[in-house]
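So the chains spell out like this:
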Amino acid sequence: MEKEQAKKLLRQPTKAFRTQEASAVDAFCEDYRAFMDASKTERDAVRNAIALAEQAGFSPYVPGSPLLPGQRVYWENRKKSLMLAVIGSAPLSEGFRIMASHIDSPRLDLKPTPLYENGGLGYFKTHYYGGIKKYQWTALPLALHGVVYRRDGSRVDVCFGEREDEPVLYISDLMPHIAKDQVSKPGGEMIAGETLNPIVGSLPFDEEDGVKLRILSILHEKYGIEERDFATAELCAVPAQKSRIVGFDGSMIAAYGQDDKVCAYPSLRALFEQEVPLHTCVVFLADKEEIGSEGVTGLRSEAYASFLRDLCADAGVTDRAAFRNSVCLSADVGGAYDPCYAEAYEAGNSCYLGDGVVVSKYTGSRGKGGCSDAGAEILSCVTRLLDGDNVAWQTGEYGKVDQGGAGTVAAEIAKLGIDVVDVGVPVLSMHSPVELTAKSDVYAMYQCSHAFFKN
Ligand code: MN
Ligand code: MN
């Protein structure tokens, strides 16, 4: 064989931006950033996704009503997860095209009795949610997002610390001058979970009573709540910063919570742009992925399959027939190769920022444990769809064998007897308070969603 011919056999990485129109990428990423800045928790994301869906002609799904091709419905699951569908022209027995991603991200949740004071400062106690490096969450402006139910059952929505002119919360760290003992500990122990306590005030109520009482009275004036109401609240401390464009070339995005809204948002946008697809297209925006997909809003909940089963019932089709012919993209981020920490990766089987969506046969840890391990047949099918639409894609594992690993919602989908492949956007500094992605990969996820839905 000639050398030139032989060289053509090599797999050449594709820089995603070469396959895209820069102005379209920039416009899409500005929309994405606007969504991100307003959607830091799953509740925020559901609320904003519903607003966008209604603008795009979706209405709440009413089980038991006839479904017509092109119909656009959504089902809100307890304000924390969302399922949407655009009904296709083919019978449902030919299956769904599902994109499943998650909209929860690592953060600090307030404990049920959070407010206390110590050393003249007011604090909230927190319990972290998801996998974090605790030392990254100190000395950082934090905002508070969530909901409180008062004694009488009335609800108040809380969003504090996002406006430029508004105060934020802040977790202190020990100054390096006297941190000899602290910095000699292993990284995972440098900051104890019980020290992740945001400072919420410093002025006492009066000569006799302290900061706690003053903060409580301020919270009552602002939100009409009393101390017992924290027990019936979900309040999350998240990084207060807005997303930013990164690099002199403006090619990347730094934002909190890109895992996994960087997949959720593009799949949502592609769904909105379906008129009358061939197959019924579905988007799942799941909660609780970061703590194992448990709970009634996590993907292990029957709620998701019930939505599909209800659609099948309305169409007079058995869900068994529909599931057998369905395909799902488990759209979750990939851990991009980080040259500064090369020792944790196997360079030849890592995904790279800017090389397009990462298609993963398997995730899991310690011998693929916990993953669904997609079959070669469905991988061939999905990658041909991407090739057909000139969507840049790559493969990639989560670091070296036995270095750790990660799971996704893919295994939950596979339990339904539905073929599923992990596809996502490469992310640097995953689970950090601010995560980094390449614009071209965000757009590739949107192109990927379109390629998937139209087939
Ligand atoms: Mn994820
Ligand atoms: Mn994650």
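Before reading further, recall that the structure is shown in the block above.
What comes next is a walk through the structure.

Cut-offs used in this document
Residues numbered from 1 in each chain as written. Chains lettered and ligands numbered in written order. Predicted model: local features only at pLDDT ≥ 70, side-chain atom pairs only at ≥ 80, totals over all residues. Heavy atoms only, no water. Pairing = 2+ DSSP bridges. Helix = DSSP H or I, 4+ residues; strand = E, 2+ residues; numbered from the N terminus. Axes fitted to C-alpha atoms, helices over the stretch in contact; angles between N-to-C directions. Contact = heavy atoms within 4.5 Å. Expected span 1.5 Å × (residues − 1). Buried < 20%, exposed > 50% of the residue type's maximum accessible area, 1.4 Å probe, protein only. Arc of directions from axis to C-beta. Donors = N, O, S within 2.8 Å, 3.2 Å for Na, K, Ca; no water. Parallel < 35°, antiparallel > 145°, perpendicular 65-115°, else oblique. Left-handed = near helix turned anticlockwise from the far one by under 90°. Nonpolar A, V, L, I, M, F, W, Y, C, P; charged D, E, K, R; others polar. Lys, Arg positive; Asp, Glu negative; His and termini not counted. Salt bridge = Lys/Arg side-chain N within 4 Å of Asp/Glu carboxyl O. Polar contact = N/O pair within 3.5 Å; in protein donor to acceptor, adjacent residues only side chain to side chain.

1. Observations concerning the sheet that holds strand β13 (residues 252-255)
Stage number 1. Spatial ordering of the open sheet is given by β12-β13-β23, a layout of 3 strands whose pairing is antiparallel. Edge positions in the sheet fall to β12 (244-246) and β23 (435-438), since each has one partner strand and no second. With direction set aside, neighbouring strand axes in the sheet form an average angle of 30°.
Stage number 2. Sheet topology note: the β13/β23 ladder contains 4 bridges and is antiparallel. Along β23, the bridge assignment pairs A254 with L436.
Stage number 3. In the packing of helix α7 (residues 258-272) onto the sheet, the strands contacted are β13 and β23, and the crossing angle to β23 comes to about 30°.
Stage number 4. Each of β12, β13 and β23 is contacted by helix α12 (residues 439-453), which is oriented at about 70° to β23, the strand it contacts most.

2. With respect to helix α6 (residues 211-223)
Stage number 1. Its 13 residues place the ends of α6 18 Å apart at the C-alpha level, agreeing with the 18 Å of an ideal helix rising 1.5 Å per residue.
Stage number 2. Burial in α6 covers these residues: V211, I215, L216, L219 and Y223. For α6, the angular spread of buried residues about the axis comes to 130°, placing them on one side.
Stage number 3. Elements in contact with the buried residues of α6: β5 (107-118), β6 (121-129), β8 (155-160) and β10 (199-201).
Stage number 4. Positioned one or two residues after α6, G224 has a phi angle of 70°, which is positive.

3. Quick look at the sheet that holds strand β19 (residues 393-395)
Stage number 1. Taken in spatial order, the 9 strands make up an open sheet running β1-β2-β3-β14-β4-β15-β21-β17-β19, and their pairing is mixed. Of all the strands in the sheet, just β1 (59-60) and β19 have a single pairing partner and so form its edges.

4. Description of the coordination of the manganese ion (ligand 1)
Stage number 1. Taken together, H102 (NE2), D259 (OD), D332 (OD) and D332 (OD) make up the full set of protein donors to the manganese ion (ligand 1), lying 2.1 to 2.5 Å away.
Stage number 2. Between the two metals, the manganese ion (ligand 1) and the manganese ion (ligand 2), the spacing is 3.4 Å, and D259 donates to both. Taken together, the positions of H102 in strand β4 (residues 96-102) and D332 in the loop between β15 (327-331) and β16 (334-335) put the pair 230 residues apart, joining distant regions of the chain.

5. Remarks on the packing of α7 against α12
Stage number 1. Look at α7 against α12: their axes get within 8 Å of each other, and the N-to-C directions meet at 45°. The angle between α7 and α12 places the two elements in the oblique class. Handedness of the α7/α12 crossing: right-handed. For the pair α7 and α12, the contacting residues are V262, C263, P266, S267, R269, A270 and L271 in the first and V442, M445, Y446, S449, H450 and F453 in the second.
Stage number 2. Grouping the constituent residues of the contact of α7 with α12 by class yields 9 nonpolar, 3 polar and 1 charged.

6. Here we look at unusual backbone geometry
Stage number 1. A cis amide bond links D259 to the next residue, D260, at an omega of 15°.
Stage number 2. In this fold, D260 is placed in helix α7.
Stage number 3. Unusually for a residue other than glycine, R78 sits at a positive phi of about 55°.
Stage number 4. Of note, R78 is situated in the loop between β2 (72-77) and β3 (81-86).

7. Observations concerning the coordination of the manganese ion (ligand 2)
Stage number 1. Within the protein, the atoms that donate to the manganese ion (ligand 2) are D259 (OD), E290 (OE), E290 (OE) and H431 (NE2), at distances of 2.1 to 2.6 Å.
Stage number 2. As a motif over one chain, the donors of the manganese ion (ligand 2) read D-x30-E-x140-H.
Stage number 3. Judged by its relative accessible area of 17%, H431 falls in the buried class.

8. Let's talk about the packing of helix α2 (residues 22-37) against α12
Geometry of a packed helix pair, given as the angle between the helix axes and the separation of the axes.
Stage number 1. Closest axis-to-axis distance for the α2/α12 pair is 9 Å, and the angle between their directions is 85°. Classified by the interaxial angle, the pair formed by α2 and α12 is roughly perpendicular. Two secondary-structure elements touch here, α2 through A24, V25, D26, F28, C29 and Y32 and α12 through K439, S440, V442, Y443 and Y446.
Stage number 2. Counted by class, the contact of α2 with α12 contains 8 nonpolar, 1 polar and 2 charged residues.

9. Here we look at the side chain of D422
Stage number 1. For D422, the location among the structural elements is in strand β21 (residues 419-424).
Stage number 2. K361 is the oppositely charged side chain nearest to the buried, salt-bridge-free D422, at an N-O distance of 10 Å.
Stage number 3. At a separation of 2.9 Å, a polar atom in the side chain of D422 contacts the side chain of S330.

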